[in-house]
Structure formats: C-alpha cells, structure tokens
Amino acid sequence: MSAEIINKVHEGEPQVDVTIVLPVFNESGHLEKEIFRVHESMKASEYSYEVLVVDDGSTDGSGDILREIDGIRLLQFAHNRGSGSARKYGTLAARGRIVVWTDVDMSYPNDQIPALLDELDHYDQVVGARRTEEGTIRLLRRPAKWFIRKLATYLSGTTIPDLNSGFRAFRRDVALQFLYLLPAGFSCVTTITMTFLSNGYSVKYVPIDYAPREGESKFHWWKDTRRYLLQVVRMVLSYSPLKVLMPPAIFLGLVGTGKLIFDLYDKDFRIGTNTIVLLGIAVSLSLLGMLADLLVQVNKKRHDVLPATIGR
Ligand SMILES: Nc1nc2c(ncn2[C@@H]2O[C@H](COP(=O)(O)OP(=O)(O)OP(=O)(O)O)[C@@H](O)[C@H]2O)c(=O)[nH]1
Ligand SMILES: [Mg+2]
C-alpha cells in the first residue's frame with residue numbers, strides 16, 4: 001500500500017487524537033528518515049494519530065517518493081504556494097482533534113512529539129522554544145527575529161521566548177477560526193501565535209533543542225526578510241495599533257508643543273518649520289492609530305470556541 005492521496009477536505013468530527021502536518025518542498029534526501037522518525041515516536045505513544053504530508057510542486061522528486069511511502073495521507077498541489085499555505089491546508093484537511101506543525105528537515109526534535117503533546121493539557125497551543133539559533137542565514141535573521149519577537153511581546157503583553165518556532169501543537173477547533181488569517185509564507189507560524197494570544201487563547205512554551213537542517217534551506221535572504229518586515233507593519237496595524245502609534249505621537253506632540261510655546265514667546269510669534277513638522281507628524285500618527293484601531297474593532301469576528309480549561 002502506498003500513500004493515501006487525498007483530494008477532498010475532511011469535515012466533521014475528529015477521528016484521531018493528533019494530525020501531524022508536514023509541509024514538504026524539495027526535501028528528497030531525508031524525507032523518509034524524517035517521516036519514519038515521526039511514526040516511531042507516535043507509535044510508542046498513547047495517542048492515535050495520522051501523518052499528513054503537504055507537498056506543493058516539489059521539483060526534486062519528493063512528490064514521487066511521497067506517493068510510495070506507506071502510512072501517510074498526502075495532499076499534493078500542482079502550484080507552489082509556500083510553507084504557510086501548506087500548513088494551513090494541512091490543518092483544514094486534518095482529522096485530528098490536535099494538530100502538530102513541524103519541519104521535515106531534521107532540525108526539530110520530531111522524536112519528541114508525544115512529550116510536546118503531553119504539555120498541551122489545559123492549554124490551547126504549546127510551542128517548542130529553541131534554546132539556540134542554528135537556522136540558515138543567522139546573521140541576517142537573528143536581529144530581524146529579535147526585533148519582531150520584542151514587538152510581539154509588547155503587543156501581546158506576554159513573554160514570547162520563540163515567535164518563529166516551526167514546532168508546535170494546538171487545538172484544531174480553535175485554529176480553524178483563524179485559518180483564513182494565516183499568510184502563505186514563513187510568517188504563518190508567527191501569525192498563529194499572535195492570533196491565539198490576541199484572541200484570549202493560551203500558549204505555553206517548552207524549551208527544545210534545534211539542529212542545523214539537512215538539505216537546502218527554502219528561506220530566501222531578501223524576499224523573506226522583506227516579508228518579515230511587512231509582517232512587523234501588519235502586526236502593529238492589526239493587533240494593537242494604538243499601543244504602538246500613540247507613544248511616539250504623544251512624545252512628538254509634547255516636544256512640538258514645547259517648541260511652539262518657545263516660538264511664541266521667544267521668536268515673536270514666528271513659528272518654526274520644525275515645530276510645524278513635529279506637530280504635523282504627531283497629528284498624523286494619532287489619526288493613523290485611531291483609524292487602524294477603528295478598523296480592528298469593526299472587523300472583530302465572533303469566536304465561539306471556549307479556551308482550554310483545567311479539568312477535574
Ligand atoms: N509545501 C511546502 N513546504 C515548504 C515550502 N517552503 C518550505 N517548505 C517546508 O517548510 C519547512 C520549513 O522550511 P525551511 O526551509 O526549513 O525553513 P526554515 O525552517 O525557516 O529555515 P532553515 O533555517 O533553513 O531550516 C520544511 O519542511 C520545508 O520543506 C513550500 O513552498 N511548500
Ligand atoms: Mg527548517
């Protein structure tokens with residue numbers, strides 16, 4: 001028997017405890033090894049599970065290899081859309097009550113998925129937070145990641161030790177409410193953490209080890225860094241615009257007002273150009289903040305899924 005090729009999205013009651021979603025793009029060298037590792041750890045656990053592989057347009061023969069692998073469900077797309085999109089459609093097609101996201105490059109401890117699942121008790125999402133950064137293009141990615149993580153910590157009001165981890169487990173019913181918000185690229189993992197947090201769902205972090213990947217990275221230094229920066233703008237505008245835009249607006253407003261008073265008294269009512277610029281920026285930032293906040297409020301959707309509780 002080979003992979004079960006699926007072309008219909010599953011709907012209805014969960015049929016297994018866990019679905020492990022594996023996004024694959026050109027990982028032929030270690031694909032079987034990684035899938036074997038996942039199976040071995042899950043078989044030894046008490047959880048019923050399925051492995052759902054999502055491949056969109058691999059060109060290195062990964063698709064052919066996958067079709068021959070036993071014991072997986074396979075979702076294959078002709079077009080490449082990105083790892084976020086693969087994770088999103090994998091979650092949609094999952095039959096599990098819980099969904100696990102991880103990479104297929106031997107970097108995350110996929111032999112420890114059951115331990116990650118054990119931590120999900122009483123939480124809506126549990127994230128493996130990497131102790132070290134062994135990722136590709138570290139010099140460029142590290143400062144960008146650090147900045148985004150600090151910003152996300154400030155926006156969410158919670159400590160986020162690892163915002164970009166690709167190793168996580170979450171309740172599928174909660175995630176389904178937000179799938180439409182997830183971007184197609186790498187920032188999908190950032191977005192799912194932020195979306196859970198900003199909608200009142202709990203996220204727990206457990207420390208994990210992280211190994212250098214096998215095979216070639218799919219992270220493009222410029223295209224994906226640009227997307228990270230866009231992600232910063234989006235996070236500010238869509239989660240708490242007032243929290244970020246109001247402090248600089250108030251600061252510039254106060255400095256501008258001080259300068260205005262100085263101009264009125266000392267410069268005989270000749271208001272300086274820099275005073276006008278300062279006050280103009282302050283007003284623009286506050287208007288932008290208020291407008292963005294209004295859009296956030298107006299677009300708030302109803303969420304019916306109860307957050308995880310502590311059972312008896
Ligand atoms: N289906 C699908 N999977 C993808 C795509 N791009 C990347 N992936 C998979 O998503 C996972 C993460 O991609 P990586 O290249 O490891 O990205 P990363 O973990 O941010 O970067 P590294 O530090 O290089 O590991 C891997 O399992 C990839 O095979 C894509 O376009 N489509
Ligand atoms: Mg990786």
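Conventions used here
- Residues numbered from 1 in each chain as written.
- Chains lettered and ligands numbered in written order.
- Predicted model: local features only at pLDDT ≥ 70, side-chain atom pairs only at ≥ 80, totals over all residues.
- Domains from an automatic or database assignment.
- Helix = DSSP H or I, 4+ residues; strand = E, 2+ residues; numbered from the N terminus.
- Nonpolar A, V, L, I, M, F, W, Y, C, P; charged D, E, K, R; others polar.
- Pairing = 2+ DSSP bridges.
- Contact = placed C-beta atoms within 7 Å.
- Axes fitted to C-alpha atoms, helices over the stretch in contact; angles between N-to-C directions.
- Buried ≥ 20, exposed ≤ 12 C-beta atoms within 10 Å, placed from the backbone.
- Right-handed = clockwise from strand over helix to strand, strands pointing away.
- Parallel < 35°, antiparallel > 145°, perpendicular 65-115°, else oblique.
- Left-handed = near helix turned anticlockwise from the far one by under 90°.
- Core = buried A, V, L, I, M, F, W, Y, C linked by C-beta atoms within 7 Å.

S.K.: Lay out the domain arrangement of the chain with the relevant residues and their values.
M.R.: How big an interface is tends to be expressed through the accessible area that disappears when the partners come together. What the domain assignment reports for the chain is domain 1 (4-238) and domain 2 (241-298). If you average the C-alpha positions of domain 1 and of domain 2, the two centres end up 42 Å apart. Among the elements that take part in the side of domain 1 that touches domain 2, helix α8 (residues 221-238) stands out by supplying three residues, more than any other. Of the residues contributing to the side of domain 1 that touches domain 2, the split by class is three nonpolar, one polar and no charged.

S.K.: So, the sheet that holds strand β7 (residues 168-171): which residues are in play, and what are the values?
M.R.: Judged by pairing direction, the sheet is mixed, and its eight strands sit side by side in the order β1-β4-β3-β2-β5-β7-β6-β8 without closing on themselves. A single partner strand is all that each edge strand has here, and the edge strands are β1 (4-5) and β8 (203-208). Of the strand pairs in this sheet, strand β6 (residues 125-130) and β7 are connected by three bridges, and their pairing is antiparallel. Residue pairing for β7: Gln 125 is matched across the bridge by Phe 170. Seen against the sheet, helix α1 (residues 31-43) touches β2 (16-24) and β3 (49-56) and runs at an angle of roughly 160° to β3. Along the sheet face, helix α3 (residues 83-93) touches β2, β3, β4 (73-77) and β5 (96-101) and points at about 155° away from the line of β2.

S.K.: How would you sum up the pairing of β2? Please name residues and give values.
M.R.: Within β2, seven of the nine residues are buried, leaving the element largely enclosed by the surrounding structure. Sheet topology places β2 next to β5; five bridges connect them, and they run parallel. Residue pairing across strands places Ile 20 opposite Val 100, the latter belonging to β5. Where β2 lies against β3, seven bridges are found, and the strand directions are parallel. Paired with Leu 22 across the strands is Val 53, a residue of β3. This β-α-β element, β2 to α1 to β3, shows right-handed connectivity.

S.K.: Which residues make up the packing of helix α9 (residues 241-266) against helix α10 (residues 273-298), and what values go with them?
M.R.: Their axes nearest at 8 Å, the elements α9 and α10 cross at an angle of 155°. Relative to α10, the element α9 is oriented roughly antiparallel. Between α9 and α10 lies a crossing whose hand is left-handed. A class-by-class count of the residues in the contact of α9 with α10 yields 17 nonpolar, six polar and three charged.

S.K.: Provide a residue-level description of the nonpolar core, including the pertinent values.
M.R.: Membership of the largest hydrophobic core comes to 53 residues, with the highest contact counts inside it found for Ile 20, Val 21, Leu 22, Leu 52, Val 53, Val 54 and Val 100. The leading source of residues in this core is helix α7 (residues 188-198), at six residues. Counting seven residues, the second-largest nonpolar core is a separate cluster that includes Val 244, Leu 245, Ala 249 and Ala 282.

S.K.: Describe the environment of Ser 48, and please don't skip the residues or the numbers.
M.R.: Relative to the assigned elements, Ser 48 resides in the loop between α1 and β3. Linking Ser 48 and Lys 267, residues 219 residues apart in sequence, is a C-alpha distance of 78 Å. Other than its neighbours up to four places away in sequence, Ser 48 contacts Val 16 and Asp 17.

S.K.: A description of the environment of Thr 59 should follow, citing residues and the corresponding values.
M.R.: Inspection of the secondary structure puts Thr 59 in the loop between β3 and α2 (62-68). Considering only alpha carbons, one finds Thr 59 and Phe 25, 34 residues apart in sequence, at a separation of 8.0 Å.

S.K.: Which residues make up unusual backbone geometry, and what values do they have?
M.R.: Despite not being glycine, Asn 26 shows a phi value in the positive range, around 55°. You can see Asn 26 is positioned in the loop between β2 and α1. On the basis of neighbour count, Asn 26 is assigned to the partly exposed category, with 18 C-beta atoms found within 10 Å.

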